[in-house]
Amino acid sequence: AYAGTEGFTAPDDEIGPANDIWSFGCLIVYLWSGMPPPDDWVGEPAPKVMLEDISRKVNQKRRLAPMSLPLVDLASRCFNVDAEDRPTATRLLAH
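1. Let's talk about the overall build of the chain
Okay, step 1: The helix and strand tally for the chain stands at 4 helices and 0 strands.
Okay, step 2: When the helices and strands of the chain are listed from N to C terminus, the series reads α-α-α-α.
Okay, step 3: Here the contacts in the chain between residues at least 6 apart in sequence split such that 60% fall between residues at least 24 apart.
Okay, step 4: Here the chain has roughly 6000 Å² of accessible surface; of this, 55% comes from carbon and sulfur atoms.

Here you go:
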């Protein structure tokens, strides 16, 4: 078992780099929105739907500009439910 911040923890139970990538995606959302990701994201099948949802909720509260498409693409790559499908940090740096 390990400890992690709810909302930043990947849906899989393995400790490793793929979970760090999920958390990085959460950090992107947090830095853009000023709000932590909702705890109920775990297990969602469509990362872009999650990002659109948080964008809509944040815009209702804070009236921020929409998340740019490159930022949505970068973050959504981090939110693959299957850890095997998440990019490595090296691949994200090449984005």
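Let's pick the thread back up.
2. Details of the side chain of R86
Okay, step 1: With respect to the helices and strands, R86 occurs in the loop between α3 (69-78) and α4 (89-93).
Okay, step 2: A polar atom in the side chain of R86 sits 3.0 Å from the backbone oxygen of A18.
Okay, step 3: A distance of 3.2 Å separates a polar atom in the side chain of R86 from the backbone oxygen of V81.
Okay, step 4: Beyond its immediate stretch of four places on either side in the chain, R86 contacts A10, P11, D12, A18, N19, I21, W22, R77, C78, N80 and V81.

3. A closer look at the packing of helix α1 (residues 17-33) against α3
Okay, step 1: Running from amino to carboxyl end, α1 crosses α3 at an angle of 145°, the nearest separation of the two axes being 7 Å. Crossing hand, α1 versus α3: left-handed. From α1, I21, W22, F24, G25, I28 and W32 reach across to α3, where they touch L71, L74, A75 and C78.
Okay, step 2: Of the residues that constitute the contact of α1 with α3, the class distribution is 9 nonpolar, 1 polar and no charged.

4. A closer look at the packing of aromatic side chains
Okay, step 1: Taken as a whole and assessed by the stated rule, the structure comprises 1 aromatic pair.
Okay, step 2: Relative to F79, the ring of W22 has its centre 5.1 Å away and its plane inclined at 80°; by these criteria the two rings are edge-to-face. On the criterion of sequence distance, the pair formed by W22 in helix α1 and F79 in the loop between α3 and α4 is long-range, its members being 57 residues apart. Both residues of the pair, W22 and F79, belong to the buried class.

Thresholds, definitions, all that
Residues numbered from 1 in each chain as written. Predicted model: local features only at pLDDT ≥ 70, side-chain atom pairs only at ≥ 80, totals over all residues. Heavy atoms only, no water. Helix = DSSP H or I, 4+ residues; strand = E, 2+ residues; numbered from the N terminus. Contact = heavy atoms within 4.5 Å. Areas by Shrake-Rupley, 256 points an atom, 1.4 Å probe, with all protein chains shown as cover. Polar contact = N/O pair within 3.5 Å; in protein donor to acceptor, adjacent residues only side chain to side chain. Axes fitted to C-alpha atoms, helices over the stretch in contact; angles between N-to-C directions. Left-handed = near helix turned anticlockwise from the far one by under 90°. Nonpolar A, V, L, I, M, F, W, Y, C, P; charged D, E, K, R; others polar. Phe/Tyr/Trp six-rings, centres within 6.5 Å; stacked < 30°, edge-to-face > 60°. Buried < 20%, exposed > 50% of the residue type's maximum accessible area, 1.4 Å probe, protein only.

Geometric descriptors of this kind do not, in isolation, establish any biological role.
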